[in-house]
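Structure assessment
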Amino acid sequence: MRDLVVKILVRIGLYKPIVNVINRFKFIGQARRVRKLGLETLQEANAACEEAHVIMFPAFGTLLGAIRDHGFISYDYDLDVGVVPGVTPEMMHSYMEKHGFILKRQTYIPKIGDVVTEETYYRKNVGLDVFYYFEQGNDWYAYCPRKHEFKDWKVANVTDGFPVARSYVQKSEFETIEFLGININVPQKAHEWLKDIYSESYMTPIKNWDAKDYKTRIIPTSERCYRRYI
């Protein structure tokens, strides 16, 4: 029944507007939880990675908040972290579970085997996206999934998948900074990373920022990604 309703809404052009309204209310509640429990979530994730001997660092909006706002961005509805090239999901799972995280979703690209590019964990109903970085020359990159061009996500996931871009940043060593009373790793080239991701205007808050509107190093690819729910 749901799939029939979705098809009808897509056909008459109402699917995306309705989804946007639903998501808006959902994200408001999630943003409140991040502000309340985000620090605890980040601290536990960091502890899990230390036990796994994995370097974890804030990425994307969480890195932007740490550097620009010295805290979490008020409207961010989840946390983004990255791990250095060479780390695989299998190196993370048992340690994350030990610290109260439940793995909910994997994003992967079918190649020789399935290359997992991102995992979503939840702890106390706060989402944590873990981006696996890959190395290319003097850069690292993470994959950024996009919405399907026109299909509902369930249909896309069993057909041609989702478009995906690569977000490139410069290789960097890491340093420890204090963030809201805890110590976290950040790239020494954090400002260069933020320029690569958000353009030269990264210090100016833009609530509805979209990479397509700015000169960044987020590059569309011909690769397609898929979701796997755990």
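What comes next is a walk through the structure.

Things to note about the pairing of strand β4 (residues 113–123)
- Of the strand pairs in this sheet, strand β3 (residues 102–111) and β4 are connected by 9 bridges, and their pairing is antiparallel. Bridging from a neighbouring strand, K111 pairs with G113 of β4.
- Examined bridge by bridge, β4 and strand β5 (residues 126–132) share 6 bridges and lie antiparallel to one another. Paired with R123 across the bridge in β5 is V126.

Quick look at the pattern of salt bridges
- Counted by the stated rule, this structure contains 13 salt bridges.
- D69 is the salt-bridge partner of R68, the closest N and O atoms lying 2.9 Å from each other.
- R217 is the salt-bridge partner of D139, the closest N and O atoms lying 2.6 Å from each other. Here D139 is found in strand β7 (residues 139–145), whereas its partner R217 is found in the loop between α6 (190–198) and β11 (218–229), with 78 residues between them in sequence.
- Salt bridges sharing common partners tie together E149, K151, D160 and R224.

A closer look at the sheet that holds strand β2 (residues 79–83)
- Reading across from one edge, β1-β2-β5-β4-β3-β11-β8-β7-β6 is the order of the 9 strands in this open sheet, with mixed pairing throughout. This sheet does not close on itself; its edge strands, each paired only once, are β1 (56–58) and β6 (134–136). Pairs of neighbouring strands in the sheet enclose a mean axial angle of 40°, with direction left out of account.
- Here β7 pairs with strand β8 (residues 162–170) via 7 bridges, running antiparallel. Bridge assignment links Y143 to a residue of β8, and that residue is R166.
- Against the sheet, helix α3 (residues 60–69) engages β1, β2, β5, β7 and β8, with an angle of about 100° to β2.

Rules of the game
- Residues numbered from 1 in each chain as written.
- Predicted model: local features only at pLDDT ≥ 70, side-chain atom pairs only at ≥ 80, totals over all residues.
- Heavy atoms only, no water.
- Pairing = 2+ DSSP bridges.
- Helix = DSSP H or I, 4+ residues; strand = E, 2+ residues; numbered from the N terminus.
- Salt bridge = Lys/Arg side-chain N within 4 Å of Asp/Glu carboxyl O.
- Axes fitted to C-alpha atoms, helices over the stretch in contact; angles between N-to-C directions.
- Contact = heavy atoms within 4.5 Å.

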